[in-house]
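So you can see what is in the structure, the chains are spelled out below.
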Amino acid sequence: MFYLAIDILGTIAFAISGVLIAMEKKLDLFGVFIIGFVTAVGGGTLRDLLIGNVPVTWIKEPVYMVTIAGTVIVAILFVNKLKYIRKSLFLFDTIGIGFYTLIGIEKGLSAELTPIMCIALGTITASFGGVIRDILCNEIPVVFRKEIYATVCILGGAIYFLLLLTPLKADYAFVVSIISIISLRILAVKYKISLPNIYRS
Amino acid sequence: MFYLAIDILGTIAFAISGVLIAMEKKLDLFGVFIIGFVTAVGGGTLRDLLIGNVPVTWIKEPVYMVTIAGTVIVAILFVNKLKYIRKSLFLFDTIGIGFYTLIGIEKGLSAELTPIMCIALGTITASFGGVIRDILCNEIPVVFRKEIYATVCILGGAIYFLLLLTPLKADYAFVVSIISIISLRILAVKYKISLPNIYRS
Amino acid sequence: MFYLAIDILGTIAFAISGVLIAMEKKLDLFGVFIIGFVTAVGGGTLRDLLIGNVPVTWIKEPVYMVTIAGTVIVAILFVNKLKYIRKSLFLFDTIGIGFYTLIGIEKGLSAELTPIMCIALGTITASFGGVIRDILCNEIPVVFRKEIYATVCILGGAIYFLLLLTPLKADYAFVVSIISIISLRILAVKYKISLPNIYRS
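Calculation rules
- Residues numbered from 1 in each chain as written.
- Chains lettered and ligands numbered in written order.
- Predicted model: local features only at pLDDT ≥ 70, side-chain atom pairs only at ≥ 80, totals over all residues.
- Heavy atoms only, no water.
- UniProt positions renumbered as here; feature names shortened; annotations may be inferred.
- Core = buried A, V, L, I, M, F, W, Y, C linked by side-chain atoms within 4.5 Å.
- Buried < 20%, exposed > 50% of the residue type's maximum accessible area, 1.4 Å probe, protein only.
- Contact = heavy atoms within 4.5 Å.
- Least-squares fit on C-alpha atoms with pLDDT ≥ 70 in both.
- Buried area = accessible area lost by both parts, 1.4 Å probe.
- Salt bridge = Lys/Arg side-chain N within 4 Å of Asp/Glu carboxyl O.
- Polar contact = N/O pair within 3.5 Å; in protein donor to acceptor, adjacent residues only side chain to side chain.
- Helix = DSSP H or I, 4+ residues; strand = E, 2+ residues; numbered from the N terminus.
- 1 Å grid on protein atoms, 1.4 Å probe; cavity = no way out; pocket = protein on both sides within 12 Å on 5 of 7 lines; lining within 4 Å.
- Points joined across faces, edges and corners; volume = space filled by probe spheres on them.
- Nonpolar A, V, L, I, M, F, W, Y, C, P; charged D, E, K, R; others polar.
- Phe/Tyr/Trp six-rings, centres within 6.5 Å; stacked < 30°, edge-to-face > 60°.

Per an unreviewed UniProt entry, the recorded name for chain A is Putative membrane protein YeiH, and the organism is Maribacter vaceletii. Here chain A is described in UniProt, under the heading Sequence similarities (unreviewed entry), as follows: "Belongs to the UPF0126 family."

(A) Local environment of the nonpolar core. One finds Trp 58 and Ile 59 of chain A, Trp 58 and Ile 59 of chain B together with Trp 58 and Ile 59 of chain C to be the most contacted residues of the largest nonpolar core, which totals 186 residues. With near-sequence residues (within four places) excluded, Ile 59 of chain C lies in contact with Leu 50, Ile 51, Leu 113, Met 117 and Leu 121 of chain A.

(B) Layout of the relation of the copies chain B and chain A. Superposing chain B onto chain A takes a rotation of 120° combined with a translation of 0.0 Å along the rotation axis, leaving an RMSD of 0.0 Å. Within this description, the copies of the chain are treated as partners about a three-fold rotation axis.

(C) Up close: the relation of the copies chain A and chain C. Overlaying chain A on chain C yields an RMSD of 0.0 Å, the required transformation being a rotation through 120° with an accompanying axial translation of 0.0 Å. The fraction of interface residues of chain A whose copies in chain C are also interface residues is only 9%, indicating that the copies meet through different surfaces.

(D) The arrangement of the interface of chain B and chain A in detail. Listed per partner, the contact involves 31 residues of chain B and 28 residues of chain A. With both sides pooled, the region where chain B packs onto chain A buries about 2,500 Å², and carbon together with sulfur makes up 75% of that total. Here chain B is connected to chain A by zero salt bridges. Taken together, the connections running from chain B to chain A amount to one residue pair in polar contact (both at pLDDT 80 or more). Elements with a contribution of two residues or more to the side of chain B that touches chain A: helix H2 (29-51), helix H7 (115-136) and helix H8 (150-164) of chain B. With eight residues, the top contributor of residues to the side of chain B that touches chain A is H7 of chain B.

(E) View of the side chain of Asp 48 of chain B. Mapping Asp 48 of chain B onto the fold places it in helix H2. Setting aside anything within four residues of it in sequence, one finds Asp 48 of chain B in contact with Asn 53, Val 56 and Thr 57 of chain B.

(F) Representation of empty space enclosed by the protein within the structure. For the structure shown, the criterion picks out two cavities of 30 Å³ or more. If you add up the space inside the largest cavity, you get close to 80 Å³. Around the largest cavity, the lining residues are Ile 135, Asn 138 and Glu 139 of chain A, Ile 135, Asn 138 and Glu 139 of chain B together with Ile 135, Asn 138 and Glu 139 of chain C. Of the residues contributing to the lining of the largest cavity, the split by class is three nonpolar, three polar and three charged. Lining the second largest cavity are Phe 14, Thr 39, Ala 40, Gly 43, Tyr 100, Thr 125, Ala 126, Gly 129, Gly 130 and Tyr 149 of chain C. When contributions to the lining of the second largest cavity are tallied by element, the ones reaching two or more residues are helix H2 (29-51) and helix H7 (115-136) of chain C. Broken down by class, the residue content of the lining of the second largest cavity amounts to five nonpolar, five polar and no charged.

(G) How the structure looks around the pattern of salt bridges. Residue and element names in this part refer to chain A. In this structure the tally under the stated criterion is six salt bridges over all chains. We note a salt bridge from Asp 134 to Arg 133, for which the minimum N-O separation is 3.2 Å. Using a relative accessible area of 5% as the deciding quantity, one classes Asp 134 as buried. On the basis of relative accessibility, which here comes to 10%, the residue Arg 133 falls in the buried class.

(H) Structural view of the packing of aromatic side chains. In this structure the tally under the stated criterion is 15 aromatic pairs over all chains. Taking the centre distance of 5.6 Å and the plane angle of 70° together, the rings of Tyr 160 of chain B and Phe 161 of chain B count as edge-to-face. One aromatic cluster in this structure is built from Phe 33, Phe 37 and Trp 58 of chain A.

(I) Layout of the interface of chain A and chain C. Tallying the contact residues gives 32 residues for chain A and 28 residues for chain C. Across the chain A-chain C interface, the total number found is zero salt bridges. Secondary-structure elements contributing two or more residues to the side of chain A that touches chain C are helix H2 (29-51), helix H7 (115-136) and helix H8 (150-164) of chain A. Top element by residues in the side of chain A that touches chain C is H7 of chain A. It accounts for eight residues. Of the residues contributing to the side of chain A that touches chain C, the split by class is 21 nonpolar, six polar and five charged.

(J) Broad picture of the UniProt feature "transmembrane region" (unreviewed entry) in chain A. Residues and elements named next belong to chain A. According to UniProt, the feature "transmembrane region" (unreviewed entry) maps to residues 6-23, 30-51, 63-82, 89-107, 113-136, 148-166 and 172-191 in the numbering used here. Secondary structure content for residues 6-23 is 100% helix and 0% strand, while the C-alpha to C-alpha distance between its ends is 26 Å. Here residues 113-136 is 92% helix and 0% strand, with 31 Å between the C-alpha atoms at its ends.

Structural data, given as structure tokens:
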């Protein structure tokens, strides 16, 4: 119940981020819904496919589609106000990343994967929705260019597995890791920390 | 047998639409074949992956690949004549959409999914081949921009489930829904009905 | 053991080709790693998904991710020298294509597919990593435009199945087919053989 509530919050935040970008691209109503939808469920869908968890989560649980449809309608109605709350969006998005990363890791542990693979799955869950969104909008995915986005997921995942080596309970390690991801992302954006671009000028 | 014949007709129509676009993009022979192929099987492949119906249909049934290879060869040989029959292409394409939507819905019912998910699967089956085609050709998918395409699939799916609530036999409901999709699409294009673009100018 | 060694060599070659292209696109460190990663595992991942071999190979076998991570680090450190060894890269890449095609065919045979489907799976294994790489970098996939790339995979696959009809042992047919693919690709590039573009000017 607690996990579901958090998952839904993340879904809403990601759906809104997709809607905003789809509207910038001047897509029609269906396009806006689809971009919102894939941004919200794309990462979890790829994760489910890769580990063979099919039918994928959003097909088994209609709550995701209903949530996203409602979110898109509300987002379109209140789009002018949304522009003023981009900062809270960033916060929701960041919360979503934190929880999605750990949810992906948990799915990897259930499938008895190694920690490296679990962290990879967590990162895919948190970041791939945005990748699909950008591909559908014909952009080089922003996550590859200037966001310290996936790096934060990887760090958070590493923190989780390090904490599991301590006497700390798994549940607390889970929460601490989520908070770490959220904090690191906020700090990275606040202080404009990014990965170096690896090229010769 | 009846379903297979219809499915093959839809496959041919979608393959031709892919060939025409690939040739506009000046792809080579292999590129033209691949674009024809993914346009024809892309939607059904994503549907199969999402619900765990693997190996996916076109791998289990070689008839699809043979049909598409033959279609691409014929389309390339008669490309100049194809330009004059774009209207019949639109008709074939529309027939394909109608049947693909209902075939996708049937697959969803076989997997015991809810009506909303069945309609989503039908829409994916009918429209995602074109989305992959456009991504591979480096375009924003046309279905997101100006076509009342997926909307018609969704309406047709809704009609099907409404008809199932009446005393009408399922087979008749199936056929009536297909005819509804085809008619709605023709009317929408004839009268230039499209979804509103959701943006501020 | 022999197969694994070859597979790893192909993985390294494909990862390096991804790194070089990602750096031309000025992606950040994470982007460079991901493009190297998908170039190396993308084809095998799509093959595994299509036939239902899940979790996909790179999730079950951490050796691939470790290999790619190491390759990306080394490639970035020695990028200036890499520019001078593009010819050996072409050779590694070509070796990779040869082995990936036959590995894909073997997976198809294990899944009891027809020869046509096996060749399709081999071609997907060898070429789809490059397709995903180009899509993520916002390019029309090069394989669709001017490379006689997939054609060579298909020819090599056809040679393999023809040889299986002879008294030649399957293992020798495997090796001869790989050598055929490598030779055909080198000859095609040396003599600038390419598929005709199918369009009116």
